[in-house]
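What follows is each chain in one-letter form.
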Amino acid sequence: MANDELKYYGKIPEPTLRRLPWYLAYVKLLKGKGDTVVSSTQIAKEISVDASQVAKDLSFVNISGKTRVGYDINALINILEDFLGFTSQHRAFLFGVGQLGAALMRDSGLNQYGVEIVAGFDIRKDVTGKKIDGIPVFSMSTLPEKQKEYGAAIGILTVPVEKAQEVTDYIIANGIKALWNFTPFRIRVPENIVVQNTSIYAHLAVMFNRMSENPNN
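Residues numbered from 1 in each chain as written. Predicted model: local features only at pLDDT ≥ 70, side-chain atom pairs only at ≥ 80, totals over all residues. Heavy atoms only, no water.

**Student:** It is not clear to me how the packing of aromatic side chains should be interpreted in this structure. Could you clarify?
**Tutor:** Ring pairs (aromatic) are described by centroid distance and by the angle formed between their planes. Following the criterion strictly, the structure yields 8 aromatic pairs and no others. With a centroid separation of 6.3 Å and 85° between ring planes, the pair formed by Phe 93 and Phe 95 is classed as edge-to-face. Here Phe 95 falls in the buried class, since its relative accessible area comes to 0%. With a centroid separation of 5.3 Å and an interplanar angle of 20°, the aromatic rings of Phe 95 and Phe 121 are classed as stacked. Taken together, the residues Phe 95 in strand E5 (residues 90-95) and Phe 121 in strand E6 (residues 115-122) connect sequence positions 26 residues apart. Judged by relative accessible area, Phe 121 falls into the buried class, the value being 0%. Stacked on the ring of Phe 138, the Lys or Arg Lys 146 has its end atom at 4.2 Å from the ring centre. (Phe/Tyr/Trp six-rings, centres within 6.5 Å; stacked < 30°, edge-to-face > 60°. Buried < 20%, exposed > 50% of the residue type's maximum accessible area, 1.4 Å probe, protein only. Helix = DSSP H or I, 4+ residues; strand = E, 2+ residues; numbered from the N terminus. Lys NZ or Arg CZ within 6 Å of the ring centre and 35° of its normal.)

This is the structure:
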């Protein structure tokens, strides 16, 4: 069993937290088609998860389905969005306004999931002082004063890998409480800081490895 299978947030297993947004996306599609109810069997078939696992996952969010009918889609969407924190806006600073960082700043879809990037930070003079989709980019040295102004809780890390730990230490010292780390470097943080690692390169490595193991490829 992988280590992340053992992690719990409160009483919620991390694998459950990872699956709930899949369920939410699917039932939103069903709502768009005019459906009003959905069964755990339907969700399981679409997401490729056992129906018993779907029912167990949804038991954490305190919603009950009707026997032989299923879950009310509107109620399920509302409860999932609230449970996952998507209904509240969390202010975020982005550090490292390169191609990936700029793309995230342009991604208006993040707002739908509760993340509002209010500013970007960089050390390059050709980037600072500009705006990306209306979001200002400041010099890294101005973080202390900008944190007082904006009060961001989340730091999105898209800096070069060799700067990841240095920037991490700096932004934590200036009040950032959670880090969404897009670098392949496993940053070290105090126990009270929340970290979510999203390594594009690690996911690519897994995909390439599975492709090489597939005899059809």
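**Student:** Where do I start with helix H1 (residues 14-32) in this structure?
**Tutor:** Since one α-helical turn is 3.6 residues long, residues separated by three or four positions face the same way. Counted at 1.5 Å a residue, the expected span for H1 with its 19 residues is 27 Å, and the 28 Å between its end C-alpha atoms agrees. Of the residues making up H1, those classed as buried are Glu 14, Pro 15, Thr 16, Arg 19, Leu 20, Tyr 23, Leu 24, Tyr 26, Val 27 and Leu 30. Just past H1, the residue Gly 34 takes up positive phi, approximately 95°. (Expected span 1.5 Å × (residues − 1).)

**Student:** I'm lost on the nonpolar core in this one. Help?
**Tutor:** The biggest cluster of nonpolar side chains holds 22 residues, and the ones touching the most others in it are Tyr 23, Val 38, Ile 43, Leu 58, Leu 76 and Leu 80. Counting residues per element, the ones that place at least two in this core are H1, helix H2 (40-47), helix H3 (51-59) and helix H4 (73-83). Counting residues per element, this core draws most heavily on H1, at 6 residues. In contact with Ile 43, other than residues within four places in its own chain, are Tyr 23, Tyr 26, Val 27, Val 38, Val 54, Leu 58 and Leu 76. (Core = buried A, V, L, I, M, F, W, Y, C linked by side-chain atoms within 4.5 Å. Contact = heavy atoms within 4.5 Å.)

**Student:** Looking at this model, I keep getting lost on the packing of H2 against H3. Mind explaining?
**Tutor:** Packed helices, taken two at a time, are described by the angle their axes make and the gap between the axes. Orientation of H2 relative to H3, taken along the N-to-C sense of each, is 110°, at an axis distance of 8 Å. It follows from the interaxial angle that H2 and H3 lie roughly perpendicular. The two elements H2 and H3 cross, and the hand of that crossing is right-handed. Of the residues in H3, those in contact with Ser 40, Thr 41, Ile 43 and Ala 44 of H2 are Ala 51, Val 54, Ala 55 and Leu 58. Residues that form the contact of H2 with H3 fall into these classes: 6 nonpolar, 2 polar and no charged. (Axes fitted to C-alpha atoms, helices over the stretch in contact; angles between N-to-C directions. Parallel < 35°, antiparallel > 145°, perpendicular 65-115°, else oblique. Left-handed = near helix turned anticlockwise from the far one by under 90°. Nonpolar A, V, L, I, M, F, W, Y, C, P; charged D, E, K, R; others polar.)

**Student:** For this particular structure, what's the right way to read unusual backbone geometry?
**Tutor:** Generally, phi is negative for residues other than glycine and the peptide bonds are trans, each holding for most cases. The residue Ser 48 is not glycine, and still its phi comes out positive at about 65°. Structurally, Ser 48 is set in the loop between H2 and H3. Positive phi, close to 50°, is recorded for Asp 133, a residue that is not glycine. Residue placement: Asp 133 occurs in the loop between strand E7 (131-132) and strand E8 (135-139). Classification of Asp 133 by relative accessible area gives exposed; the value is 56%.

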